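# Structural characterization, general
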Amino acid sequence: MPVYNAENYISEAIGSILNQTFKDFEFLIGDDASSDRSLDIITQFANQDSRIRILQNPENYGGGKTRNRLIQEAKGTFIAAMDADDIALPERLELQLQFMETHPNVVCLGGAHYLIDEAGRLLTLLSLPEDDSDIQ
């Protein structure tokens, strides 16, 4: 999870991952030189949950470079991307892992997602293409 000045969203985002039905994971969070309280909030969570590893950028690299740095540091077989303003449904990791394990020819998995406003109200469901030809 790359993080840059996300103090308004980061607690809920982190909480949604820590409360997954699947529990055996490492949670890499990259602070991209935030100037708000993001790093303090992340550190509070990390002090309470050993699955969290924090990587700090010495300067703002941007989300893509930060995510790539996190991927390089990952120790697991699978990687699940998460943004600092996302909220994962409780079974997200469990369902995605089950799919990847039963479909070894699949190299990348995504899913539909809900868009919500700052108050958490549902705006719409974004469905994405599901098969290779539609994605291509």
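See above for the structure.
Attention here is on the structure that accompanies the text. What you see is a predicted model; the values in this text were computed from it and never measured.

### Digging into the layout of surface pockets
In this structure, the second largest pocket spans a volume of roughly 480 Å³. Around the second largest pocket, the lining comprises 16 residues; the ones closest to its centre are Cys108, Gly110, Pro129, Glu130 and Ile135. Within the lining of the second largest pocket, the residues separate by chemical class into 9 nonpolar, 4 polar and 3 charged.

### A closer look at the pairing of strand β5 (residues 122-126)
Bridging between strand β4 (residues 113-116) and β5 involves 4 bridges; their strand directions are antiparallel. Of the residues in β5, the one forming a bridge with Tyr114 is Leu125. Between β4 and β5, which follow one another and run antiparallel, lie 5 residues, and Gly120 among them has a positive phi close to 85°.

### What about the nonpolar core?
Judged by nonpolar contacts, the single largest core of 19 residues is most densely connected at Met1, Val3, Ile10, Ile14, Phe27, Ile29 and Ile52. Per-element accounting of this core gives the leading share, 5 residues, to helix α1 (residues 10-18). Residues in contact with Ile14, not counting those within four places in the same chain, are Met1, Phe27, Ile29, Ile42, Phe45 and Ile52.

Parameters and conventions
- By convention here, each chain's residues receive numbers from 1 onward along its written sequence.
- Per-residue local features of the predicted model are confined to residues with pLDDT of at least 70, and side-chain atom pairs are confined, for both listing and counting, to 80 or more; whole-chain, interface and lining totals are unaffected and use all residues.
- Neither water nor hydrogens contribute to the side-chain values; these are computed over all heavy atoms in the structure.
- In the cavity and pocket records, a cavity denotes points on a 1 Å grid over the protein atoms alone where a 1.4 Å probe fits but cannot get out, a pocket denotes an open set with protein on both sides within 12 Å along at least 5 of 7 lines, and lining residues are residues with an atom within 4 Å of a point.
- Grid points are joined across faces, edges and corners, and a volume is the space filled by probe spheres set on the points.
- Residues are grouped as follows: nonpolar covers Ala, Val, Leu, Ile, Met, Phe, Trp, Tyr, Cys and Pro; charged covers Asp, Glu, Lys and Arg; every other residue, Gly included, is treated as polar.
- Two strands are said to pair when DSSP picks up at least two bridges between them.
- Where helices and strands are cited, they refer to DSSP runs of H or I of at least four residues and of E of at least two residues respectively, numbered from the N terminus.
- We call a set of buried residues a nonpolar core when its members are Ala, Val, Leu, Ile, Met, Phe, Trp, Tyr or Cys and they connect through side-chain atoms within 4.5 Å of each other.
- Each residue gets one of three labels from its accessible area relative to the maximum for its type: buried under 20%, exposed over 50%, partly exposed in between, using a 1.4 Å probe on protein chains only.
- Contacts between residues were defined by any pair of non-hydrogen atoms, one from each residue, lying within 4.5 Å.

Everything listed here is a matter of coordinates, which is why it stays silent on function.
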